[in-house]
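# Chain and residue survey
Chain by chain, the residues:
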Amino acid sequence: MPLARSLSMSSLSGLPLWEEEDLPVENLLLFEVAWEVTNKVGGIYTVIQTKAKITVDEWGENFFMMGPYYEHNIKTQVEKCDPPHPAIKKAMEALNENGCPVYFGRWLIEGSPYVILFDTGAAAWNLDRWKGDLWEHCGIGLPFHDREANDALLFGSMTAWFFKELTDQLGDSPNVLAHFHEWQAGVGLILCRSRKIPIATIFTTHATLLGRYLCAGNVDFYNNLDKFNIDQEAGERQIYHRYCLERAAAHCAHVFTTVSQITAVEAKHMLHRKPDVVTPNGLNIKKFSAMHEFQNLHSTNKRRIQEFIRGHFYGHLDFNLQKTLFFFIAGRYEFSNKGADIFLESLARLNYLLRVHKSDVTVVVFFIMPAKTNNYNIETLKGQAVRKQLWDTAHTVKEKFGTRLYEALLKGDLPDMNTILERDDFTIMKRAIYATQRQSLPPVTTHNMLDDSTDPILANIRRIGLFNARADRVKIVFHPEFLSSASPLLPMDYEEFVRGCHLGVFPSYYEPWGYTPGECTVMGIPSVTTNLSGFGCFMEEHVSDPTAYGIYIVDRRHRTADESCNQLTQFMFGFCQQSRRQRIIQRNRTERLSDLLDWRYLGRFYMHARSMALSRAFPDKFWMEPLSPPQTEGFRYPRPGSVPPSPSASVHSTPHHSDEDEPYDEDEEAERDRQNIKAPFSLGPTNE
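Everything quoted here is computed from the prediction, not taken from an experiment.

## Here's the deal with the overall build of the protein
Within the protein one finds 22 helices and 19 strands. The proportion of buried residues among the 688 residues of the protein is 58%. Residue pairs at least 24 apart in sequence account for 77% of intrachain contacts in the protein once pairs closer than 6 positions are excluded. Surface accessibility of the protein: about 28,500 Å² in total, with carbon and sulfur atoms responsible for 51%.

What follows is the structure, given as structure tokens:
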């Protein structure tokens, strides 16, 4: 589903969107191969799914996606149909006749792309033979116990077999271009190249295998990239065979790409090939027709979060909800990789600063990270029940009060406020008040954790002592489950929840791209990222002053952990000092960056990679001009000319700036942004 944004910040004139493909697409067939096609198992699913529409718009009936067959997915997501191209139909028949089922249909997402799905389970009887082929032709052996690698081999072997049958049917025209994502799909690329199947190939790594493993082990990864013994490290982690598949795919591909500059540096050292093109991840952005609708959505969803807070903190609701800010972190539960470690430490320091400066601002921080639980926390469920009971009581008394007031006014009498409420009404209200009393502190987690004593987030909450006490200005709510509108606790979808928050905090140590801050940006919500995430590097490169646009970038590459903690604390403390008007101005600026993340703009990098692959695979048919060095200096959002949205870090004890001191004209700011965007990105090679 596309994320919506405001039409008021229409496509900026300096941002050329998706242009016509220079390739003769009518004489080409494009295949995109990924384990995540119709299979929602990670962030790559978002890349594949959101990019589909813009690719279908360009390639039409000549674009196909390929993935694994899972019956539960195809029943709910795929509409079966016949292949439009006779050569594809014959290639599928060849596999089906040999006991390897292949299915064809339309994926029911925006753009409705064609999908070809391979049933790896039904083809598993070929596993030993195909393992032998891989060893004989590529010198890579797979252990019997690694099911994921075995599934990747089955998928890759069927993919390569399909491409062999297809190219035999097609002959010299049309030519085939295949784009493989990640090592699971890369097996098919390796086999295609080893068998000299005449197709152009692209391989994209969204994160190197070894990089993810090393960072999960708290290794000083980026400062030691050139010092690792790659083979030894992979062997010690028992992923050497997977690493060999990934590295072979990177080297066999005609064009090797990755999703960010920071991952390009990583890939150069881990896979020993410098990426040819960086293909940043985008989003399929739908625009609102109303000018400030995203601001209205923020207010609406913020009120829903406030209702949850009223229940969760019943009996301790001695802080002003109108002066309460909602921060959140979300994603896979990778404690160090996602930066939850320095986030918690920074929250302890933020709590100290807010208390020392006697701030009337309260910060409620949500951790949305799925972990092992056995049910909802009883105290949390009770809180929502108490809130609902209070609401029902207040509503009942209000109805009685209104009826009596109405009757008195009809008679022409001014009601006696001392008698308009009866004794029973006061009794009901007193009972409701007594029901809100609690002896314990509000829980820091909404669920019963299976590993409560060893859970990293809970262990660090105990260490820093943030237990939602009355004196604390920072409160914590750990929600170890994905958000759902069907939840009895917080009945909101993720997008609704994000829109209701004030700041997303993602201080990741290892984040090849990072969709979470990108989604915040599209929804007009400021966010914290780092210069070790692909998104942070992208914004640093193309926005003159990211902070002024609500993108706070923590330096985790050139600073110590303690210095990064202090910087994150200062960012959050400065955000807490903003007035409501300053936050509104900043959200307007943040939302204007959406065009940078639109697939209609970022799709040009994929177009470039395709042209390069075809020119290398079929040099007699396709030719490409040599590239000039990249030029990004002429394409940077300027710092806005109005008053900066955040107070200076050097004036922590000063009061809020007056709203009247902030001249702001949204149309003037938008026009200034448009005028300062001079040239599109260069599509040159990646930086060193």
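## Notes on the sheet that holds strand β4 (residues 78-80)
What the nine strands build is an open sheet, ordered β4-β5-β6-β3-β2-β7-β8-β9-β10; its pairing is mixed. At either margin of the open sheet sits one strand with a lone partner, and together these are β4 and β10 (277-278). Where strand β3 (residues 63-68) lies against strand β6 (residues 114-118), five bridges are found, and the strand directions are parallel. Along β6, the bridge assignment pairs F64 with Y114.

## Quick word on the pattern of salt bridges
For side chains of opposite charge, pairing can occur when their charged atoms come near one another. Applying the stated criterion across every chain, the model contains 32 salt bridges. Note that D146 and R242 form a salt bridge whose closest N and O atoms lie 2.8 Å from each other. With D146 in the loop between α4 (127-138) and α5 (147-170) and R242 in helix α9 (residues 240-252), the pair connects residues that are 96 residues apart, well separated along the chain. Grouping residues by exposure puts D146 and R242 together as buried. The partner of E233 in a salt bridge is R237, and the shortest N-O contact between them spans 2.6 Å. Classification of E233 by relative accessible area gives buried; the value is 16%. Residue R237 is classed as partly exposed on the basis of its relative accessible area, which comes to 26%. Where salt bridges share partners, they join E345, R349, R463 and D562 into one cluster.

## Section: the environment of Y243
Mapped onto the elements, Y243 comes out in helix α9. The residues contacting Y243, other than those within four sequence positions of it, are L209, I230, D231, A234, M270, L271 and H272.

## Structural notes on unusual backbone geometry
A cis geometry characterises the amide bond from S173 onward to P174, with omega recorded as -5 degrees. Structurally, P174 can be placed in the loop between α5 and β7 (175-181). In the Ramachandran plot, K358 falls in the positive-phi region, its phi being about 50 degrees despite a non-glycine side chain. Here K358 lies in the loop between α12 (340-356) and β13 (362-368). Positive phi, normally seen in glycine, also occurs at N468, with a value near 65 degrees. Mapped onto the secondary structure, N468 falls in the loop between α15 (456-464) and β16 (474-479).

## Observations regarding the nonpolar core
Ranked by size, the top nonpolar core spans 77 residues in total, and within it F31, I116, F162, F163, L166 and F221 carry the most contacts. Sorting elements by how many residues they give to this core places α5 first, with 12 residues. Residues within four places of L166 in sequence aside, it is in contact with F31, A87, I88, A91 and V176.

## Thoughts on the pairing of β6
A large share of β6 lies buried, amounting to five of its five residues. With burial as the criterion, each face of β6 is covered, one bearing Y114, I116 and F118 and the other bearing V115 and L117. Here strand β5 (residues 102-107) runs beside β6; their pairing, made up of five bridges, is antiparallel. Across the sheet, F104 pairs through a bridge with I116, a residue of β6. Linking β5 to β6, which pair antiparallel, is a turn of six residues; within it G111 sits at a positive phi near 100 degrees.

## Some points on the sheet that holds strand β17 (residues 503-505)
Pairing in this open sheet of six strands is parallel, and the strands run β16-β13-β12-β17-β18-β19 from one edge to the other. Strands at the two margins of the open sheet, each flanked by one partner only, are β16 and β19 (551-554). Each strand of the sheet is rotated relative to its neighbour by a mean of 25 degrees, with strand direction disregarded. The sheet contact formed by strand β12 (residues 324-330) and β13 spans seven bridges and is parallel. Within the sheet, the bridge partner assigned to A330 lies in β13 and is I368. Across the sheet, helix α17 (residues 515-522) lies against β12, β17, β18 (527-530) and β19, angled at about 145 degrees from β18, the strand it touches most. Packed on one face of the sheet, helix α18 (residues 534-542) meets β18 and β19 and runs near 115 degrees to β19.

## Details of the pairing of β3
Note on strand geometry: in a regular strand, side chains alternate between the two faces of the sheet. Of all six residues in β3, six are buried, a share of seventy percent or more. Sheet topology note: the strand β2 (residues 28-33)/β3 ladder contains four bridges and is parallel. Bridge pairing in β3 links V33 to M66. The parallel pair β2 and β3, bridged by helix α1 (residues 43-59), forms a crossover whose chirality is right-handed.

## Details of the packing of aromatic side chains
Scanning all chains against the criterion turns up 36 aromatic pairs. For the pair F327 and F575, a centre-to-centre distance of 5.8 Å together with 70 degrees between the ring planes defines the contact as edge-to-face. Here the residue F327 occupies a position in strand β12, and F575 occupies one in helix α19 (residues 561-576), the gap between them amounting to 248 residues. Comparing F327 with F575 shows no difference in burial state: the two are buried. The interplanar angle of 80 degrees and the centroid separation of 5.5 Å between the aromatic rings of F328 and F506 together place this pair among those described as edge-to-face.

## Considerations on the side chain of T516
Note that T516 resides in helix α17. Residue T516 is classed as buried on the basis of its relative accessible area of 17%. Setting aside its immediate chain neighbours within four residues, T516 contacts A330, Y494 and F506.

About the criteria used
Residues numbered from 1 in each chain as written. Predicted model: local features only at pLDDT ≥ 70, side-chain atom pairs only at ≥ 80, totals over all residues. Heavy atoms only, no water. Helix = DSSP H or I, 4+ residues; strand = E, 2+ residues; numbered from the N terminus. Buried < 20%, exposed > 50% of the residue type's maximum accessible area, 1.4 Å probe, protein only. Contact = heavy atoms within 4.5 Å. Areas by Shrake-Rupley, 256 points an atom, 1.4 Å probe, with all protein chains shown as cover. Pairing = 2+ DSSP bridges. Salt bridge = Lys/Arg side-chain N within 4 Å of Asp/Glu carboxyl O. Core = buried A, V, L, I, M, F, W, Y, C linked by side-chain atoms within 4.5 Å. Axes fitted to C-alpha atoms, helices over the stretch in contact; angles between N-to-C directions. Right-handed = clockwise from strand over helix to strand, strands pointing away. Phe/Tyr/Trp six-rings, centres within 6.5 Å; stacked < 30°, edge-to-face > 60°.

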